[in-house]
Amino acid sequence: MNTGPTEELVQSISELPDRMGAGACFGSPVERDGHTLIPVARISFGYGMGFGRGSGGDSKGDGFGHEGDSGEGEGGGGGGGGSSTPVAVIDVTRDDVAIKPIMDPMRVTMSSLALAAWVAFWVLWTVRTGAREHHKTRRQELAQGS
């Protein structure tokens, strides 16, 4: 069967969820000194496609000094990407199973900065609103007193 690149791409993308199973998140076990270590990762991926067509042109201009085009068209594009981030190691021994999380200091730092910025925004917004209300009330008092 002769398929074009678009059909092959759609076929590959439709098979991705079937290929993404537990094996994508759990790595191969490693055995050392009575411990079996199993790496665990967070897997994410995304993809998108688009296509355009065209016909007839815009005989007027766009108002910015560009003349209208003659029409025609076509276009297309697509892309995708993915990432994996280690999140934990499962440590299996004869007597115990322990999950040891892997902390990402950059993620913790960025989350803390985002929280601090959010808090600062709302504190400043509240102070600004209070100051505006105070000045508004003060102006009304002065206008009534005159």
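Residues numbered from 1 in each chain as written. Predicted model: local features only at pLDDT ≥ 70, side-chain atom pairs only at ≥ 80, totals over all residues. Heavy atoms only, no water.

**Focus on the environment of G76**
Phase 1 of the analysis: As for its placement among the helices and strands, G76 is situated in strand β3 (residues 76–92).
Phase 2 of the analysis: Residue G76 is classed as exposed on the basis of its relative accessible area, which comes to 60%.
Phase 3 of the analysis: On a C-alpha basis, the gap between G76 and G50 in space is 5.6 Å, while along the polypeptide they are 26 residues apart. (Helix = DSSP H or I, 4+ residues; strand = E, 2+ residues; numbered from the N terminus. Buried < 20%, exposed > 50% of the residue type's maximum accessible area, 1.4 Å probe, protein only.)

**Section: the sheet that holds β3**
Phase 1 of the analysis: Pairing within the open sheet is antiparallel, and its 4 strands lie in the order β1-β2-β3-β4. Either end of the sheet is taken by a strand with one partner, and the two such strands are β1 (30–32) and β4 (97–101). Going across the sheet, the axis of each strand differs from the next one's by a mean of 30°, ignoring polarity.
Phase 2 of the analysis: As paired strands, strand β2 (residues 35–51) and β3 are joined by 16 bridges and run antiparallel to one another. The partner of Y47 across the bridge, within β3, is G80. (Pairing = 2+ DSSP bridges. Axes fitted to C-alpha atoms, helices over the stretch in contact; angles between N-to-C directions.)

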